[in-house]
Each structure stands twice: as structure tokens, then as C-alpha cells.
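Coordinates in review
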Amino acid sequence: RDLAMSNHPLVSVGVPVYNGEATIRTAIDSLLAQTYPHIEIVISDNCSNDRTRDICLEYAAADTRVKYSRTEANVGMANNVRRVLQLAKGELFTWTCADDIRPINAIEALVRALGETPEAAMAHGPVIATTGLEERELSNAMVLTTSNPAQRVAVFVLCLQHNSMLYGLYKTAVARKVVFTGRFGMDYLFCLQVCFLGPVAYTAVPMIEYQERGKITADPMGDPVEFTLRNMANAGPRMWKSWTVLSEGCRHLWRLKEQ
């Protein structure tokens, strides 16, 4: 169904969480305060052993938009991220981490961007990256509306500033087509595959306040280093992520091409 013909599509917001008692209230409050009201908040509790369950049940009892589900055992982070997408009932879908915040008009802006570009597979916008001590807005602006998949992928690879593009708004049917392996760097691979599946819309309205685990950088792979054998051997997780994105990205794109 064309979003231009659907004024108020249901947006499913998937919130995977494990032991999130310290931040989950703030995350849910930011979602319930959205100017776009047609949402369901799908929480998948990965068998937390803190007060996450009690907090989420409190919200679910107070607002029917909050849907709470708990796994019987810890299924791992990647499986829990997949699980909220599987549970979603909306025709549009987005993830929000249990320690992230959505600006009050974020979802409304993303829905509008998709409505203005009906052929788009997803919409995204600027990221407000914060460490608690530092805050920085990264535009992540890229022209990904061309009908040529190869051009979209090239622009994505060259221009991506922040991997929180993952927290954009997807057509649910498209998101469910993407191969989600759970490997290191899968956030980049997910967005890359979406770029191959369809055009991507953009809004200048910040879409998420993302809690960084390290320092803020505009290079999604980290600070640049000289390309030497020593640096390749000693780069650790950063280099593993780079090689994973390169090798897995090529493999998935070739598979999608064959389809």
C-alpha cells in the first residue's frame, strides 16, 4: 500500500532490552510523548534479572500502545533485535535502544519523509550523538533517492557518517527481507542491504539521541589509521568490523543481485 494513500500508518517501535532498569523509563517516555500518536511500542525483554519486567508491565498497564514480551531464556542480543521486528504489527517499523531517546517529533518527521517519497524503502535523518559529557549532531545526509541500486550503495559507502542510520524508519515488509546475521558490523550491513532494496528518504529533523559507548566520531569505522600490515594486525575489533562489512556486504549484495 502506497503511504501517500495512508495518512496515519501504524508505526511499530521495537525496543529490545536486557537489564535496562536504569534507562528504560526515559526511552519509553520519549516514545509515548511523540507528536505522531499512531504507534505501538514493542518491547522484547531478553530475560532480564533486574526490575526491567516490572517497569515495562507498569507502562503496558497504563497505555495500550505498550506491548511487553519476555523471552524464557537469554536468546542473545542479535536474536532479540530480530524478535521485535517479528512481533511488529505496523506497516512501518523502527528500532529504539533502551538507553536512547527519540526527539518529540522524530517519528512524525520520518513518516512524512516516507510519505513524500512513496518509492522509498526507508527514511532516516540526523543523529544526535551523546556521551553524557559531549553532544554532537551528525547530519548523515546522503542522496539515496536515485533508482539505480549501484549508485545508492556507492553513495552510502562513501558518505555514511554514523551507523545510527539503522534507527531510521523502514517499510516493515522491506526490513523483513534483509539478512540479519548478527555478526560484528551488522548495523552497517543492514543499512547497506536496504540501500540496495530501494531508495532512501531523508529528513533534516533529528531522529534519535544516541548514547555513544566511546568517543564521538564522524567516521563510522573510527579514526583513520595508516594502511599497513602492522595496523591491520593490531587494529582489533575496529578492523574486524571493517573486514566483516566488506566481505559480508559483497556476499549479500551478490545474493540480492541474483534474486
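Everything below is about the structure printed above this text.
Here the residue numbers are simple positions, counted from 1 along each chain's written sequence. Side-chain atom pairs in this predicted model are given and counted only at pLDDT of 80 or more, local residue features only at pLDDT of at least 70, and totals for whole chains, interfaces and linings cover all residues. The basis for the side-chain values is all heavy atoms of the structure; hydrogens and waters are excluded.

Describing the overall build of the protein
Using the following cut-off: Numbering goes from the N terminus for both helices and strands, where a helix is a DSSP run of H or I of at least four residues and a strand is a run of E of at least two. Only protein chains enter the accessibility calculation, which uses a 1.4 Å probe; a residue whose area is less than 20% of its type maximum is buried, one above 50% is exposed, and one in between is partly exposed. Contacts are residue-level and defined by heavy atoms, with any inter-residue pair within 4.5 Å sufficient. All accessible-area figures derive from a Shrake-Rupley calculation using a 1.4 Å probe, and residue coverage is judged against the displayed protein chains alone.
Counting its regular elements, the protein contains nine helices and 10 strands. Put simply, the protein has 259 residues, and 50% of those count as buried. Considering only intrachain contacts with a sequence separation of at least 6, the fraction spanning at least 24 residues in the protein is 77%. Of the roughly 12,500 Å² that the protein leaves accessible, carbon and sulfur atoms contribute 55%.

Let's talk about the sheet that holds strand E6 (residues 127-130)
Threshold: For two strands to pair, DSSP has to find at least two bridges joining them. Axis lines are fitted to C-alpha atoms, over the contacting stretch for helices. Their N-to-C directions set the angle, which ranges from 0 to 180 degrees.
Here three strands make up an open sheet; going across it, the order is E7-E6-E10 and the pairing mixed. Each end of this open sheet is capped by a strand with a single partner; those strands are strand E7 (135-138) and strand E10 (208-211). With direction set aside, neighbouring strand axes in the sheet form an average angle of 25°. The pairing of E6 with E10 spans four bridges and is classified as parallel. Residue pairing across strands places Thr 130 opposite Gln 211, the latter belonging to E10.

Here's the deal with the sheet that holds strand E4 (residues 92-95)
Here we have seven strands laid out as an open sheet, ordered E3-E2-E1-E4-E8-E5-E9, and mixed in their pairing. Single-partner strands in this sheet number two, and they are strand E3 (66-70) and strand E9 (200-202). Taken over all neighbouring pairs, the strand axes of this sheet differ in orientation by 25° on average, direction set aside. Here helix H1 (residues 24-32) sits on the sheet in contact with strand E1 (11-17), strand E2 (39-45) and E3, set at roughly 160° to E2. Strands E1, E2, E4, strand E5 (122-124), strand E8 (169-171) and E9 of the sheet are contacted by helix H4 (residues 106-116), whose axis makes an angle of about 135° with E5.

Overview of the pairing of E1
For the record, the criterion: We call a crossover right-handed when, viewed with the strands running away from us, the connection from the first strand over the helix to the second turns clockwise.
Counted residue by residue, E1 has seven buried out of seven residues, so it is predominantly covered. Side chains Val 11, Val 13, Val 15 and Val 17 project from E1 onto one buried face, and the interleaved Ser 12, Gly 14 and Pro 16 project onto a second face that is buried too. Summarising the sheet, E1 and E2 pair through seven bridges and their orientation is parallel. By the bridge assignment for E2, Val 13 is matched with Ile 41. For the crossover from E1 across H1 to E2, the handedness is right-handed. Pairing of E1 with E4, which is carried by four bridges, proceeds in the parallel orientation. By the bridge assignment for E4, Val 13 is matched with Thr 94.

Side note on the environment of Thr 130
Selection criterion: Any pair of N or O atoms that falls within 3.5 Å is considered a polar contact. Within protein, one atom must be able to donate a hydrogen and the other to accept it, and sequence-neighbouring residues count only if both atoms are side-chain atoms.
Its place among the elements puts Thr 130 in strand E6. Through-space distance from the C-alpha of Thr 130 to that of Glu 209 is 6.9 Å; in sequence the pair is 79 residues apart. In this structure the side chain of Thr 130 is engaged in a polar contact, spanning 3.2 Å, whose partner is the backbone oxygen of Glu 134.

Comments concerning the nonpolar core
Operational definition: Here, the term nonpolar core denotes a set of buried Ala, Val, Leu, Ile, Met, Phe, Trp, Tyr and Cys residues that are joined through side-chain atoms within 4.5 Å.
With 61 residues, the main nonpolar core has Val 11, Trp 95, Phe 156, Met 165, Tyr 170 and Phe 190 as its most contacted residues. With eight residues, helix H7 (residues 186-197) is the largest single contributor of residues to this core. Beyond its immediate chain neighbours, meaning those up to four positions away, Phe 156 contacts Met 142, Leu 144, Met 165, Tyr 188, Cys 191, Leu 192 and Cys 195.

Thoughts on the packing of H1 against helix H2 (residues 52-62)
Put simply, the rule reads: Here the angle decides the label: under 35 degrees means roughly parallel, over 145 means roughly antiparallel, 65 to 115 means roughly perpendicular, and every other value means oblique. By definition, any crossing whose near helix is turned counterclockwise from its far helix by less than a right angle is left-handed, and any crossing with a clockwise turn is right-handed. Each residue gets one of three labels, nonpolar for Ala, Val, Leu, Ile, Met, Phe, Trp, Tyr, Cys and Pro, charged for Asp, Glu, Lys and Arg, and polar for the others, Gly among them.
The N-to-C vectors of H1 and H2 enclose an angle of 20°; their axes lie 10 Å apart at closest approach. On the basis of the axis angle, H1 is roughly parallel to H2. Read as a crossing pair, H1 and H2 show a hand that is right-handed. Contact residues: Ile 24, Arg 25, Ile 28, Asp 29 and Leu 32 in H1; Ile 55, Cys 56, Glu 58 and Tyr 59 in H2. A per-class count over the contact of H1 with H2 returns six nonpolar, no polar and three charged.

Interpretation note: all reported values are geometric properties and have no functional meaning in isolation.
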